[in-house]
Amino acid sequence: MNQNEMKKAAGWAALEYVEPNTIVGVGTGSTVNHFIDALGSIKGEIEGAVSSSEESTRRLKELGIPVFDLNTVDQLSVYVDGADEINHNMQMVKGGGAALTREKIIAAVADKFVCIADESKLVKLLGDFPLPVEVIPMARSYVARQLVKLGGDPVYREGVITDNGNIILDVYNFNVENACELERQINAVVGVVTNGYFAERGADTLLLATPEGVKTSHR
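What counts as what
- Residues numbered from 1 in each chain as written.
- Predicted model: local features only at pLDDT ≥ 70, side-chain atom pairs only at ≥ 80, totals over all residues.
- Heavy atoms only, no water.
- Helix = DSSP H or I, 4+ residues; strand = E, 2+ residues; numbered from the N terminus.
- Rg over C-alpha atoms; globule rule 2.2 N^0.38 Å.
- Contact = heavy atoms within 4.5 Å.
- Areas by Shrake-Rupley, 256 points an atom, 1.4 Å probe, with all protein chains shown as cover.
- Lys, Arg positive; Asp, Glu negative; His and termini not counted.
- Charge placed at Lys NZ, Arg CZ, Asp CG, Glu CD.
- Core = buried A, V, L, I, M, F, W, Y, C linked by side-chain atoms within 4.5 Å.
- Buried < 20%, exposed > 50% of the residue type's maximum accessible area, 1.4 Å probe, protein only.
- Polar contact = N/O pair within 3.5 Å; in protein donor to acceptor, adjacent residues only side chain to side chain.

A. View of the overall build of the protein chain. Counting secondary structure elements, the protein chain contains 6 helices and 13 strands. For 219 residues, the compact-globule estimate of 2.2 N^0.38 gives 17 Å, and the protein chain sits close to it at 17 Å. The principal-axis extent of the C-alpha atoms belonging to the protein chain is close to 50 × 40 × 30 Å. Look at the contacts in the protein chain between residues 6 or more apart in sequence, and 70% of them connect residues 24 or more apart. Accessible area for the protein chain stands at about 10000 Å²; split by element, carbon and sulfur atoms hold 47% of it. Separation of charge centres in the protein chain, based on 20 positive and 30 negative side chains, amounts to 3 Å.

B. Main features of the nonpolar core. Counting residues in hydrophobic clusters, the biggest one holds 24 residues, and the most contacted among them are V18, V24, V26, F35, L39 and I116. Looking at this core, the elements with two or more residues in it are α1 (3–13), β1 (23–26), α2 (30–40), β3 (76–81), β6 (110–118) and β12 (205–210). Ignoring any residue separated from it by four or fewer positions in sequence, one finds V26 in contact with V32, F35, I36, L39, A49, V50, S51, S52, L60, Y79 and V80. With 23 residues, the next largest nonpolar core counts V143, L147, L169 and A179 among its residues.

C. Broad picture of the side chain of E103. As for its placement among the helices and strands, E103 is situated in helix α4 (residues 100–109). Reaching out from E103, the side chain makes a polar contact with the side chain of K94 at a distance of 3.3 Å. Beyond its immediate stretch of four places on either side in the chain, E103 contacts T28, S52, Y79, D81, K94, G95 and F198.

This is the structure we're talking about:
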C-alpha cells in the first residue's frame, strides 16, 4: 500500500468504534477525510457529527451527515482524528491543519479518542514536527518571546488564520522529554489559546496503517 492507501485503511478501520444512533466527533486532515467518506456509508445509522473544522463540516454536509454544534451535545462516545506525530505513550502533536483548538475541545468531551494514522506518524520522541501554537493576534510578539524562553524557536505561519480568527506560531527545536509539563507551561502564557501537544489528553486507541495492514494499540 502507498501512503494514501494506508490513510484510507486507517480511516475505514475507525468505523468499528462508531456506535449506532450516536453523534460522532470528527477531526480534520487527509486521513480523517477517508473516515468522513466511511461515515457516509453508514450515515443512516448515526445521528450525525460534531466537527473540528469548517472544512470537515463542509465535507460531512456534502455527504448528507447532520453536523451539530458541540454546545448542544451532552456526550460524545468517540472522537476520531489524525496526528502529525504520535508516540508509544499515545501522546500527540497536532495542528498542522490549524484546527488544534477545536480538536482539543472535542477530544476533551469525548469518552474515547481514536487516532488514525499511517506508520510515518509514529515516533519515539515528539519534536521533529514543529509544535503549532494558536495565539490571539495582538499577543503574537509577546508569546513568541515567551516561547523562546521555554527553549523553542517560533515561526509565524504567514497567511493562515484559524477558524477562530487567530494566528499560528510553529515552534521548532523543543526538547520534549515531558510533553505534559511543556503543554501546561505553554498554555499558561497569556495570549495563547492552546498548543498542539495532546499529552494530558492523549489518544485512547491508535489505528496505525502499515503496508501489512492496520495495527491497533490501546493506552
